[in-house]
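# Coordinate inspection notes
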Amino acid sequence: MTPPWKSTNNSSTKTVPKDPNGEPETLPQLKSYWNRLRRHSDKHPILIFYQDPTFPAAEGFSPTFLNALTRFDGTICLITDTPHPPLQTFSPHDPDLLQTVVNWLKRLHLES
């Protein structure tokens, strides 16, 4: 099973030192990778985790995973049906989901 934080390679991550295997495999590795990305990137990295509501065995994010994410710094949100304070959560059923997330990001940018 692929960890939920696997990402595609994009230009904002090219300057970030990679783990020996290329991508984080554990939550501590993800946190380390995320912190390096935030320090070494000229972009404002964002972590967005999506829980597919149509997946047959949708069980939600694990409590361990969610608890670990609350200790990460930076811009992080979840797209899932279940709120997980203090993490920002958006409903996957929102008909304007993309615009809702973009508006949230704009507000964060204006506040910083």
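Refer to the preceding data block for the structure.
None of these values were measured; they are calculated from a predicted model.

### A look at the overall build of the protein
The number of helices and strands found in the protein is 3 helices and 3 strands. Along the protein, helices (α) and strands (β) appear in the sequence α-β-α-β-β-α when read from the amino end. For the protein, the proportion of its 112 residues judged to be buried stands at 33%. In the structure as shown, the protein presents an accessible area of about 7500 Å², 54% of it carried by carbon and sulfur atoms.

### Some details on the sheet that holds strand 3 (residues 88–90)
Here we have 3 strands laid out as an open sheet, ordered 1-2-3, and parallel in their pairing. The open sheet has two edge strands with one neighbour each: strand 1 (46–50) and strand 3. Each adjacent strand pair in this sheet contributes to an overall mean axis angle of 25 degrees, direction not counted. Pairing of strand 1 with strand 2 (residues 75–79), which is carried by 5 bridges, proceeds in the parallel orientation.

### What about unusual backbone geometry?
Note: most residues except glycine have negative phi, and most peptide bonds are trans. Put simply, proline 85 and proline 86 share a cis peptide bond, and its omega is 10 degrees. Structurally, the position occupied by proline 86 is in the loop between strand 2 and strand 3.

### Here's the deal with the nonpolar core
Counting 15 residues, the largest nonpolar core has Phe49, Phe65, Leu69, Phe72, Ile76 and Leu78 as the members making the most contacts within it. Going through the elements one at a time, helix 1 (27–40), strand 1, helix 2 (63–69) and strand 2 are the ones with two or more residues in this core. Judged by nonpolar contacts, the second largest core, of 6 residues, contains Cys77, Ile79, Phe90 and Trp104.

### Re the packing of aromatic side chains
In this structure the tally under the stated criterion is 3 aromatic pairs. Aromatic pair phenylalanine 61 and phenylalanine 65: ring centres 5.6 Å apart, planes at 35 degrees, arrangement tilted. Exposure remark for phenylalanine 61: the relative accessible area of 12% places this residue in the buried category. The rings of Phe49, Phe61 and Phe65 are connected pair by pair, giving a single aromatic cluster.

### What about the side chain of threonine 80?
As for its position among the elements, threonine 80 is in the loop between strand 2 and strand 3. Threonine 80 has contacts with Gln51, Phe61, Thr89, Phe90, Ser91 and Pro92, leaving out every residue within four places of it along the chain.

### Observations concerning the side chain of histidine 84
In this structure, histidine 84 sits in the loop between strand 2 and strand 3. If near-sequence neighbours (up to four positions away) are discounted, histidine 84 is found in contact with Leu66, Leu78 and Thr89.

### Some remarks on the environment of proline 53
Structurally, the position occupied by proline 53 is in the loop between strand 1 and helix 2. Here proline 53 falls in the partly exposed class, since its relative accessible area comes to 28%. Distance from proline 53 to isoleucine 79, taken between C-alpha atoms, is 9.5 Å for residues 26 residues apart in sequence. Discounting residues that sit within four places of it in the chain, proline 53 has contacts with Asp81, Pro92 and His93.

So, how was this worked out
- The residue numbering used here restarts from 1 in each chain and proceeds along that chain's sequence as written.
- The predicted origin of the model limits local features to residues at a pLDDT of at least 70 and limits the giving and counting of side-chain atom pairs to 80 or more, whereas totals for whole chains, interfaces and linings rest on all residues.
- Only hydrogens and water are removed before side-chain values are computed, so all heavy atoms of the structure are retained for them.
- Counting from the N terminus, the helices are the DSSP runs of H or I reaching at least four residues and the strands are the DSSP runs of E reaching at least two.
- Buried, partly exposed and exposed residues are distinguished by accessible area as a fraction of the type maximum, computed with a 1.4 Å probe on protein chains only: under 20%, between the cut-offs, and over 50%, respectively.
- Accessibility throughout is a Shrake-Rupley quantity obtained with a 1.4 Å probe, and a residue counts as covered only by protein chains that appear here.
- A pair of strands is treated as paired once DSSP finds two or more bridges between them.
- Note on geometry: axes are lines fitted to C-alpha atoms, helical ones only across the stretch in contact, with angles between N-to-C directions running from 0 to 180 degrees.
- For this analysis, a nonpolar core means a set of buried residues of the types Ala, Val, Leu, Ile, Met, Phe, Trp, Tyr and Cys, connected via side-chain atoms within 4.5 Å.
- Two aromatic rings, drawn from Phe, Tyr or Trp (for Trp, its six-membered ring), form a pair once their centres lie within 6.5 Å of each other, and the interplanar angle then sorts them: stacked below 30 degrees, edge-to-face above 60, tilted otherwise.
- The contact rule is simple, with two residues in contact once any of their heavy atoms fall within 4.5 Å.

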